[in-house]
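If you want the building blocks of each chain, they are given just below.
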Amino acid sequence: MMQDKPRERPQLNKNGFTFKQFFVAHDRCAMKVGTDAILLGAWAPVAGVRRILDIGSGSGLIALMLAQRTPSQIQIDAVELEPEAAQQAQENVQQSPWPERIQVHQQDIASWAEQCDKRYSLIVSNPPYFAPGVACSTVARDNARATASLDHQTLLRSSALLIEEEGMFCVVLPIDIGQTFITLAQADGWYLRFRLDVAEYAHRPPHRVVLGLSPQAGETLLERLAIRAPDTRYSDEWCSLTQDFYLFM
């Protein structure tokens, strides 16, 4: 009996990352497509959102993921400081299925927050987290990774100016920095509503945390996710979370 041939994978563009519904070029961005951004884009709660803001959008990946996950009337603003990254994000948006829904703005978020008259029901950010002085290969990469370009106090206070009263502000951070971020946020009047601890494997301690903060007090939902199964395959939980995006899942 003749067996079916295994499905051949299509040739992929090496200058970026191919998802099921869109392509993200990132060759001119300091920070490339990575697990942190994919995690946040797939996890952020979108039920009932009216308007979305992506702070430090980079290649535009998270904004594009959220466009895929939300109805056609939902508008998304993506704010990015670095000119090259903002330009590439704009190109990625224009080549995506949702060019009319995502607006890319090349601007500092503190200035944007002071000028913007919109309010957002969901704000997301994959923010810088290294302390200034950690050596990076380029100035752009330093800006993307170090808090000198966007310190967490500024991020929290800018988001507070832009969030709806019942909105949600979500970030992904290393686990130790996430603990400090929670303390800083609570001191500024934010309430922790969602916390997802993420480990590479189930038997290892978490290395990332995804936080959902709100101006409104309420119950805190705590969850844990392992990215990989013991045999190095992606775990069922990770596959379930990202199956709408990964091309070969």
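Whatever comes next refers back to the structure up there.
Residues numbered from 1 in each chain as written. Predicted model: local features only at pLDDT ≥ 70, side-chain atom pairs only at ≥ 80, totals over all residues. Heavy atoms only, no water.

Visitor: Please give an account of the overall build of the chain that cites residues and values.
Guide: In terms of regular secondary structure, the chain is built from 8 helices and 10 strands. Counting every position in the chain, which comprises 249 residues, the buried fraction comes to 47%. Within the chain, contacts between residues separated by at least 24 positions form 70% of all contacts whose residues are at least 6 apart in sequence. Carbon and sulfur atoms make up 49% of the accessible area of the chain, which amounts to about 12700 Å² in all. (Helix = DSSP H or I, 4+ residues; strand = E, 2+ residues; numbered from the N terminus. Buried < 20%, exposed > 50% of the residue type's maximum accessible area, 1.4 Å probe, protein only. Contact = heavy atoms within 4.5 Å. Areas by Shrake-Rupley, 256 points an atom, 1.4 Å probe, with all protein chains shown as cover.)

Visitor: Let's hear about the packing of aromatic side chains: which residues, and what values?
Guide: Within the structure shown, the criterion is met by 10 aromatic pairs. A ring pair is formed by F19 and F22, whose centres lie 4.9 Å apart and whose planes are at 25°; its orientation type is stacked. Here F19 and F22 have matching classes, each one buried. Members of the aromatic cluster, each reached through a chain of ring pairs, are F17, F19, F22, W98, Y234, W238 and Y246. (Phe/Tyr/Trp six-rings, centres within 6.5 Å; stacked < 30°, edge-to-face > 60°.)

Visitor: So what about the sheet that holds strand β10 (residues 221-228)? Which residues, and what values?
Guide: The strand order β5-β4-β3-β6-β7-β9-β8-β10 describes an open sheet built from 8 strands, whose pairing is mixed. Since the sheet does not close on itself, it has two edges, and those belong to β5 (102-106) and β10, each with one partner. Between one strand and the next, the sheet's axes are offset by a mean angle of 15°, whatever the strand orientation. Bridging between strand β3 (residues 51-55) and strand β6 (residues 120-125) involves 4 bridges; their strand directions are parallel. When the sheet's bridge partners are listed, D54 is paired in β6 with V124. Lying over the sheet, helix α2 (residues 61-69) contacts β3, β4 (75-80), β5 and β6, oriented at roughly 175° with respect to β4. (Pairing = 2+ DSSP bridges. Axes fitted to C-alpha atoms, helices over the stretch in contact; angles between N-to-C directions.)

Visitor: Let's hear about the pairing of β4: which residues, and what values?
Guide: Judged by how many residues are buried, β4 sits mostly within the fold: 5 of 6 residues are covered. Here β3 pairs with β4 via 5 bridges, running parallel. When the sheet's bridge partners are listed, D54 is paired in β4 with A78. The parallel pair β3 and β4, bridged by α2, forms a crossover whose chirality is right-handed. Here 5 bridges tie β4 to β5, and the two strands are oriented parallel to one another. Bridge pairing in β5 links D77 to Q103. (Right-handed = clockwise from strand over helix to strand, strands pointing away.)

Visitor: Describe in detail the nonpolar core, supporting the description with residues and values.
Guide: Among the nonpolar cores identified, the biggest contains 43 residues, and F22, L61, L66 and L122 are the most heavily contacted of them. Ranked by residues supplied to this core, first place goes to α2 with 7 residues. Ignoring anything within four residues of it in the chain, the contact list for L61 reads F19, F22, V24, V33, A37 and I38. Listed in part, the 26 residues of the second largest apolar core include I123, F169, V171 and F181. (Core = buried A, V, L, I, M, F, W, Y, C linked by side-chain atoms within 4.5 Å.)

Visitor: Lay out helix α3 (residues 83-94) with the relevant residues and their values.
Guide: With 12 residues, α3 ought to run about 16 Å at 1.5 Å a step, and its terminal C-alpha atoms sit 17 Å apart, in line with that. Buried within α3 we find A85, A86, Q88, A89, N92 and V93. The arc that holds every buried residue of α3, seen down its axis, measures 165°, which confines them to one face. Elements that come into contact with the buried residues of α3 comprise β2 (23-25), α2, β4 and β5. (Expected span 1.5 Å × (residues − 1). Arc of directions from axis to C-beta.)

Visitor: So what about the environment of Q90? Which residues, and what values?
Guide: Residue position: Q90 is located in helix α3. Look at Q90 and you get partly exposed, because its relative accessible area is 25%. For the pair Q90 and S59, spaced 31 residues apart in sequence, the C-alpha to C-alpha distance is 8.2 Å.

Visitor: Can you break down the packing of helix α6 (residues 152-162) against helix α7 (residues 175-187) residue by residue, with the values?
Guide: Contact geometry of α6 with α7 gives a least axis separation of 10 Å together with a crossing angle of 50°. Accordingly, the angle class assigned to the pair α6 and α7 is oblique. The handedness of the crossing between α6 and α7 comes out as right-handed. Of the residues in α7, those touching α6 at H152, Q153, L155 and L156 are I177, F181, L184 and A185. In the contact of α6 with α7, the residues fall into 6 nonpolar, 2 polar and no charged. (Parallel < 35°, antiparallel > 145°, perpendicular 65-115°, else oblique. Left-handed = near helix turned anticlockwise from the far one by under 90°. Nonpolar A, V, L, I, M, F, W, Y, C, P; charged D, E, K, R; others polar.)

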